[in-house]
Amino acid sequence: MRLVISWLRDFVDVTASPQEIADTLGLRGFEVASVEALPEHPSHPGKPEAVIDFEVTANRPDCLSVMGLAREVATAFQIPWAPTHVTMGAAIATGLSDRIKISIEDEQLGPRYTGMVADLTDAATP
């Protein structure tokens, strides 16, 4: 699992260096394959940017995403985990939609199912 530090900082305000993050998670059982330095990211000026390549074991599928590793970093450094940027403060509408149709064919096998339609914007990623 390759973790971009600027993406991690979108979820948790960690002030540690990328190497300190790698070392701390290494002590928690995550094998660190590499730490690759990158140019500073404009959204986090003054904070070093890097990509940490972790080997995530089969017993930790919760850490196969940026959010999962952010949660682990938050507990390791005893800082708040704040995934609030995911909705950017906007309310998520609920109810029926004409953009998606869901039908349950066998209520014994699955009595309930939910779905969501998201409006996406094509943009470059860091």
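These figures come from a predicted structure and were not determined experimentally. In this convention, every chain numbers its residues from 1, walking through the sequence in written order. Given that the model is predicted, a residue must reach a pLDDT of at least 70 before its local features are reported, and side-chain atom pairs must reach 80 or more before they are shown or counted; all residues, however, enter totals for whole chains, interfaces and linings. The side-chain values count all of the structure's non-hydrogen atoms but skip hydrogen atoms and water molecules.

Caption draft 1: Region of interest: the pattern of salt bridges. A pairing counts as a salt bridge when a side-chain nitrogen of Lys or Arg comes within 4 Å of a carboxyl oxygen of Asp or Glu. Applying the stated criterion across every chain yields a total of five salt bridges. Put simply, aspartate 13 and lysine 47 hold a salt bridge, and the shortest N to O gap is 3.3 Å. Of this pair, aspartate 13 sits in the loop between α1 (5-8) and α2 (18-27) while lysine 47 is found in the loop between β2 (31-38) and β3 (49-55), placing the two residues 34 residues apart along the sequence. The residue arginine 28 makes a salt bridge to glutamate 72 at a minimum N-O spacing of 2.9 Å. Pair noted here: arginine 28 is in the loop between α2 and β2 and glutamate 72 is in helix α3 (residues 66-77), with a separation of 44 residues, a long-range link. Throughout, exposure labels follow a simple rule: accessible area from a 1.4 Å probe, protein chains only, divided by the maximum for the residue type, with under 20% read as buried, over 50% as exposed, and the rest as partly exposed. Residue glutamate 72 is classed as buried on the basis of its relative accessible area, which comes to 10%. The network of salt bridges with shared partners includes Arg28, Arg60, Asp62 and Glu72. Comment: elements are numbered from the N terminus, with helices defined as DSSP H or I runs of at least four residues and strands as E runs of at least two.

Caption draft 2: Representation of the sheet that holds strand β1 (residues 2-4) in the model. Between any two strands, pairing holds if DSSP finds at least two bridges. If you walk across this open sheet you meet the three strands as β1-β3-β2, and the pairing is antiparallel. Where the open sheet ends on each side, the last strands, each with one partner, are β1 and β2. Going across the sheet, the axis of each strand differs from the next one's by a mean of 20°, ignoring polarity. The pairing of β1 with β3 spans three bridges and is classified as antiparallel. Each residue of the ladder has a partner; that of arginine 2, found in β3, is aspartate 53. Every axis corresponds to a line fitted to the C-alpha atoms, with the helix fit spanning only the stretch in contact, and the corresponding angles, defined between N-to-C directions, vary from 0 to 180 degrees.

Caption draft 3: Examining the packing of α2 against α3 more closely. Their axes nearest at 10 Å, the elements α2 and α3 cross at an angle of 85°. Considered as vectors, α2 and α3 are oriented roughly perpendicular to each other. Residues Glu20, Ile21, Thr24 and Leu25 of α2 pack against Leu69, Glu72, Val73, Ala76 and Phe77 of α3. An angle below 35 degrees is treated as roughly parallel, one above 145 as roughly antiparallel, one from 65 to 115 as roughly perpendicular, and anything else as oblique. In this description, contact between two residues means that some pair of their heavy atoms is separated by no more than 4.5 Å.

Caption draft 4: Here's a closer look at the side chain of arginine 9. With respect to the element layout, arginine 9 can be found in the loop between α1 and α2. We treat Lys and Arg as the positive residues and Asp and Glu as the negative residues; His and chain ends play no part in the count. There is no salt bridge for the buried arginine 9, and the closest opposite charge comes from glutamate 49, which lies 5.3 Å off by N-O distance. Within 3.5 Å is the distance limit for a polar contact, defined as a pair of N or O atoms, with the added protein rule that one can donate a hydrogen and the other accept it, and that residues adjacent in sequence qualify only through two side-chain atoms. At 3.1 Å, the side chain of arginine 9 and the backbone oxygen of valine 14 are in polar contact. Looking at arginine 9, its side chain comes within polar contact range of the main-chain oxygen of proline 48, at 3.0 Å. Dropping the residues within four chain positions of it, arginine 9 is found in contact with Val14, Ala16, His44, Lys47 and Pro48.

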